[in-house]
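# What the coordinates show
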Amino acid sequence: MAELEGLEFGKSDFVLLDEVTMEQFLDNLKLRFEKGRIYTYIGEVLVSVNPYRTMEIYGRENIDAYRGRELYENPPHLYAVSDAAYKAMKRRAKDTCIVISGESGAGKTEASKYIMQYIAAITNPNQRVDVERVKNVLLNSNCVLEAFGNAKTNRNDNSSRFGKYMDINFNFNGDPTGGHINNYLLEKSRVVQQQGGERNFHSFYQLLRGGSEEMLKSLHLQKDPAVYLFIREGAAATTFNNDRLGHRAVMSALGVIGFSQEEIKAIYQILASILLLGNLQFESDGESVQIGGVEAVSHLSELMGTGPDAFRKSLLYRTVATGGGEVIEKAHTEQEACFGRDAFAKALYERLFSWIVGRINDVIQVKDYNPLLHGKNTVIGVLDIYGFEIFDNNSFEQFCINYCNEKLQQLFIELILLQEQSEYQREGITWQHIDYFNNQIIVDLVEQSHKGIISILDEACLTVGNVTDTVCLDSMDSKLAQHPHYTSRKLSPTDKSMDFQKHFRIHHYAGDVTYSIEGFLDKNKDLLFQDFKRLMFNSNNQAFKEMWPDGGLSITEVTKRPLTAATLFKNSIVALVDKLACKEPYYVRCIKPNEMKSPVLFDDARCQHQVAYLGLLENVMVRRAGFAYRQSYARFLQRYKMTCEYTWPHHLMDSDRDAVETIINKHGFQDDVAYGNTKLFVRTPRTLFTLEQERATLIPILVLFLQKVWRGALARMRCRRLRAISTIMGCYKRYKVKAHFWEVERRFANVRNMADYGKGVEWPTPPATLAQFHSATVTLHRRWWARQIVKNIPPSDMLEVRAKVAALTALREERKDWGLGRAWERDYLANVRDSPLTSSTFLHVFKDLKVRDEFSQVLFSGFCRKVNRFNKSSDRGLLITDTYVYKLDPNKHNKVLKRISLEAVTGLSVTSGVDQMVALHTSNQDDILICLQRGQLCPKQDRVGELVGTLVDHFTRLVPLEFLPCETGGSRQSFILSVVT
């Protein structure tokens, strides 16, 4: 049973019909067609209805869905049959074939293209160049063969007018390594004549409408098809083919296949020659016949690579060898010349088509294949051949085509019955005899030696004298009068649907077909004068010589009469049937739903006729004889095990057969089945539908249950994963912490013994969790390092060190030179070396101030220059103690000019340059602006840093400090230092 299709789409397999009747068969076929389901099975046979519209079921997603799947795992599809044939070939090393049949317009050509597309898509996964080349040639060959072998008919815009059988060779890996194409019975009569509303082969119109002006000029052609007699009938016929694009595609495909430019040119020279031949006119004066128009002869001889005289002679004369070896020339009558011209045109096209097929075979044939090295070479054959034809006027071509279908139908029935019988014997099931129509009697009517129609035709063709089609019909009437499947107007005088001496009728398996005997003998003889063969063999074009190898024989050597067209066709069909009989067959039966090419119209009568002559109803009966459905135990159990509690989800029985038997017994179907060695056989479709309905009911419940279990499993898996992640992360973090500690310990183990106490040791990068700890550790080390440095400094130098540290903190990156490298004396006024003339006076003043103001120490003293608001300066002395700031006048015995409480000082401003300018800010806005040196600045005597360091160190012990980049005010509770840039 095909998955994903409900009963609203009908039965996906005709074997499952409740009753096998034509009405139920057509109703199911029509329902599926209307629902867009164009494919339906009969067991392993695929029935395909032409949808006459584009179906979105052939993309890459569809190919992937059917690749490697069993036939019934997906809805019926052409890809499923293709995959089944490919798997049988690859797994069992079995040659297989896919036989596509149906009438013209049923979709056979499209089906063969989709089969080729699928096989190309699923092979060569390693993209081997040689395999890709073979695939490209096989795919592009379809385009070329369609152009030269297909034509528009009244029933089909792209009708194949030849039969095609393609063998695709595969290596042991299942990759295509080559192939071979056989063509059958090209309808060459179409070259010179078509029925009303039909066209000649596509290639002629593609050349005229798609060829460039330069190309047509070189071929002496015009663009208008109506100019040429052989294709004039189809010049105005509407068609879906875009001839311009078709010509471009053919030119590209010929290049891909490997045709050289000279060979492509030769192909179109022959097409042009045929068109020009059709326009040749013959003129007779009663005694001799001449060709009208010298220019036409010149153009034709140029295109064919022959001399004008030799070409003209081959059309007007026939060379004959007498019994004594004498060679004479016999002039043609005007009628014989026209007949010879038409025969020559048909032969040119037929030889061209066969040569193209041969060239493709040369490219894709398997060369130098050694089975010992490469394994067995297996084959998939694809047969796309004309279907049964019944026209208003049925001639020799329809007779051959219908004979071919009789042979294939005989093979179809025999193989289907053989498959059924073989399967029953393998499985140990008793075989039941099936009554079916055996069309061997019709095949014998056509091909039997000495008694068949082909033998009678050949005999008439070999008879010397004026043997006409009417004489041949009389011979058939006399020899076949007692045959139950043959009749004529002479044998059935009351049947007025036939004419005397014109019609005969054959009761084919697909229905009665009335044939017109007119033209049978001429088409069967298929005579072509040897003069034309020698003409083309002697051409200076190598491709033409290859097409006409029999022209190399001299006139006296050509003594054996060639086989007739009917005999040649019979031999090729017998060989084809023998080739198919040794392969495992897969069938695609194509049906044309209506004559209007409508995607919505389903013509019941038309489809019933096709179902009848394709033998589809008999096929269903054969398949259902005894048992309608069979499946291996493993696959049956896999599909229906949920319908029994003893087999779901797994059974504990000895074998799958026992489990299947349990399912059958549980539902009470034991009387409707039989157990084979490896398969279960179900007699009626109702049993299967009951199981399907119960399965369809249980599937949603099982899906929900499985979803619940699976989601729980996923949640538990995620939980375990998160726990594992957390454990791993914890262990890893602990390891990183310990590793950091170990590394720090290793690097700083001997810092006590280092000269710099570990200042130059590089700290390891800490993990993120230890960032704060790392910062604290670095701070601790720095403090310890500082302690180790400081404890070695004498107590007398500590005050200077503290001041320099304070200055460094305040002026770092703000002032380049601030006196760090020299000794700071602080009290420069008391230093005799600094001011020997005033030091004694200062000491006297200093003692008086200390007694009066009771300060304990001098923070800073020195000479300076005061600058007032009017930019006037004068020498002054600056004394800063721990309680007051004094401004002294050195010129008046260091008289105190101003005293400011140190608590009133709110800030200090200095510059970033080398000058010694300092501004002391007070709370009462009475600021002091001074320069710490008198006269010219002395090098290495910068005292700004000393003043800043001393004050900052002093105030650090009292109140917090603020360091600002610009001058600002403050309060008594704070001391602000700013550096003005």
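Residues numbered from 1 in each chain as written. Predicted model: local features only at pLDDT ≥ 70, side-chain atom pairs only at ≥ 80, totals over all residues. Heavy atoms only, no water.

Per an unreviewed UniProt entry, the protein goes by the name Myosin IG and belongs to Takifugu rubripes. Here is the UniProt Sequence similarities (unreviewed entry) comment for the protein, exactly as written: "Belongs to the TRAFAC class myosin-kinesin ATPase superfamily. Myosin family." (UniProt positions renumbered as here; feature names shortened; annotations may be inferred.)

## A look at the overall build of the protein
Across its full length, the protein carries 30 helices and 28 strands. The burial tally for the protein puts 51% of its 981 residues in the buried class. Contacts spanning at least 24 positions in sequence make up 63% of the contacts within the protein whose residues lie at least 6 apart. Total accessible area on the protein is roughly 47,600 Å²; 52% of this is exposed by carbon and sulfur atoms. (Helix = DSSP H or I, 4+ residues; strand = E, 2+ residues; numbered from the N terminus. Buried < 20%, exposed > 50% of the residue type's maximum accessible area, 1.4 Å probe, protein only. Contact = heavy atoms within 4.5 Å. Areas by Shrake-Rupley, 256 points an atom, 1.4 Å probe, with all protein chains shown as cover.)

## Regarding the pattern of salt bridges
Per the counting criterion, the structure on display carries 38 salt bridges. One salt bridge in this structure joins Lys597 and Asp157, with 2.9 Å as the shortest N-O distance. Of the two residues, Lys597 is situated in the loop between β16 (584–591) and α22 (604–613) and Asp157 in the loop between β4 (150–151) and β5 (159–160); the sequence distance between them amounts to 440 residues. Two residues, Glu350 and Lys188, come together in a salt bridge whose shortest N-O distance is 3.1 Å. In this pair, Glu350 is assigned in helix α12 (residues 334–364) and Lys188 in the loop between β7 (176–184) and α6 (202–210), connecting sequence segments 162 residues apart. Overall, Lys188 belongs to the buried group, its relative accessible area being 14%. It is possible to trace a salt-bridge network through shared partners that takes in Glu103, Lys592, Glu595 and Arg606. (Salt bridge = Lys/Arg side-chain N within 4 Å of Asp/Glu carboxyl O.)

## Quick word on the domain arrangement of the protein
Split by domain assignment, the protein resolves into domain 1 (633–703), domain 2 (716–784) and domain 3 (795–959 + 972–979). Averaged C-alpha coordinates put domain 1 and domain 2 at centres separated by 67 Å. (Domains from an automatic or database assignment.)

## Description of the sheet that holds strand β15 (residues 511–516)
Ordered in space as β13-β14-β15, the 3 strands form an open sheet in which the pairing is antiparallel. Only two strands of the sheet have a single partner each, and these edge strands are β13 (486–488) and β15. Each adjacent strand pair in this sheet contributes to an overall mean axis angle of 25 degrees, direction not counted. Here β13 pairs with strand β14 (residues 503–508) via 3 bridges, running antiparallel. Looking across to β14, one finds that Thr487 is bridged to Arg505. (Pairing = 2+ DSSP bridges. Axes fitted to C-alpha atoms, helices over the stretch in contact; angles between N-to-C directions.)

## A few points about the confidence of the model for the protein
Of all residues in the protein, 91% have pLDDT values of 70 or greater, and the mean over the chain is 84. Confidence over residues 964–973 falls short of pLDDT 50; this stretch has 20 contacts with residues more than four positions distant or in other chains. (pLDDT = per-residue confidence, 0-100.)

## Quick word on the state of the cysteines
One pass over the structure, following the stated rule, counts 0 disulfides. With no disulfide partner, Cys607 has as its closest neighbouring cysteine sulfur the one in Cys590, 13 Å distant. The cysteine Cys731 is free of any disulfide, with Cys719 supplying the nearest cysteine sulfur at 17 Å. Among the residues examined, Cys731 registers a relative accessible area of 39% and is labelled partly exposed. (Disulfide = S-S within 2.5 Å.)

## Points about unusual backbone geometry
Both trends apply: most residues other than glycine have a negative phi, and most peptide bonds are in trans. In this structure, Pro649 follows Trp648 across a cis peptide bond, with omega equal to -5 degrees. Its place among the elements puts Pro649 in the loop between α24 (633–640) and α25 (656–667). Of note in the backbone geometry, Lys597 takes a positive phi value of approximately 60 degrees without being a glycine. Within the chain, Glu854 stands out as a residue other than glycine whose phi angle is a positive 55 degrees. Topologically, Glu854 is positioned in the loop between α29 (839–853) and β20 (858–867). A residue is classified by how much of its surface remains accessible, and Glu854, at 65% relative accessible area, is exposed.

## Re the nonpolar core
Counting 111 residues, the largest nonpolar core has Phe148, Leu221, Phe311 and Phe344 as its most contacted members. Here the element with the most residues in this core is α12; it accounts for 15 residues. Discounting chain neighbours no more than four positions away, the residues touching Leu221 are Leu207, Leu208, Leu216, Tyr228, Ala272, Leu275 and Leu276. (Core = buried A, V, L, I, M, F, W, Y, C linked by side-chain atoms within 4.5 Å.)

## Observations regarding the UniProt feature "binding site: ATP" (unreviewed entry) in the protein
UniProt tags Gly102, Glu103, Ser104, Gly105, Ala106, Gly107, Lys108 and Thr109 as "binding site: ATP" (unreviewed entry). Within the fold, Glu103 resides in the loop between β3 (96–101) and α4 (108–122). Not counting chain neighbours up to four residues away, the residues in contact with Glu103 comprise Lys108, Arg155, Gly387, Phe388, Cys590, Lys592, Glu595, Arg606, Gln610 and Tyr613. Mapped onto the elements of the fold, Thr109 is located in helix α4. Discounting chain neighbours no more than four positions away, the residues touching Thr109 are Glu146, Asn150, Asn158, Ser160 and Asp384.

## Concerning the packing of aromatic side chains
Counting across every chain of the model gives 31 aromatic pairs. Plain terms: the ring middles of Phe201 and Tyr349 are 4.8 Å apart, the flat faces sit at 15 degrees to each other, and that makes the pair stacked. Of this pair, Phe201 sits in the loop between β7 and α6 while Tyr349 sits in helix α12; the two residues are 148 residues apart in sequence, bridging distant segments of the chain. Like Tyr349, Phe201 is buried. (Phe/Tyr/Trp six-rings, centres within 6.5 Å; stacked < 30°, edge-to-face > 60°.)

## Some details on the packing of helix α1 (residues 22–34) against α22
Contact geometry of α1 with α22 gives a least axis separation of 11 Å together with a crossing angle of 115 degrees. With respect to their mutual orientation, α1 and α22 come out roughly perpendicular. Handedness of the crossing formed by α1 with α22: right-handed. Facing Met22, Phe25, Leu26, Leu29 and Lys30 of α1, the residues of α22 in contact are Asp604, Cys607, Gln608, Val611 and Ala612. Among the residues forming the contact of α1 with α22, the class breakdown is 7 nonpolar, 1 polar and 2 charged. (Parallel < 35°, antiparallel > 145°, perpendicular 65-115°, else oblique. Left-handed = near helix turned anticlockwise from the far one by under 90°. Nonpolar A, V, L, I, M, F, W, Y, C, P; charged D, E, K, R; others polar.)

## Digging into the environment of Ala272
Positionally, Ala272 belongs in helix α9 (residues 261–278). Residue classification places Ala272 among the buried positions, given a relative accessible area of 0%. Between the C-alpha atom of Ala272 and that of Leu300, which follows or precedes it by 28 residues, the distance is 8.5 Å. Those residues in contact with Ala272 that sit more than four places away from it in its chain are Leu207, Leu219, Leu221 and Leu303.

## Some thoughts on the pairing of strand β6 (residues 163–170)
With respect to burial, β6 is a largely interior element, 8 of its 8 residues being buried. A two-sided burial pattern is seen for β6, the buried positions comprising Gly163, Tyr165, Asp167 and Asn169 on one face and Lys164, Met166, Ile168 and Phe170 on the other. Where β6 lies against β7, 8 bridges are found, and the strand directions are antiparallel. When the sheet's bridge partners are listed, Asp167 is paired in β7 with His180. In this structure, the hairpin formed by β6 and β7 is closed by a connection of 5 residues, where Gly174 is found at a positive phi of approximately 85 degrees.

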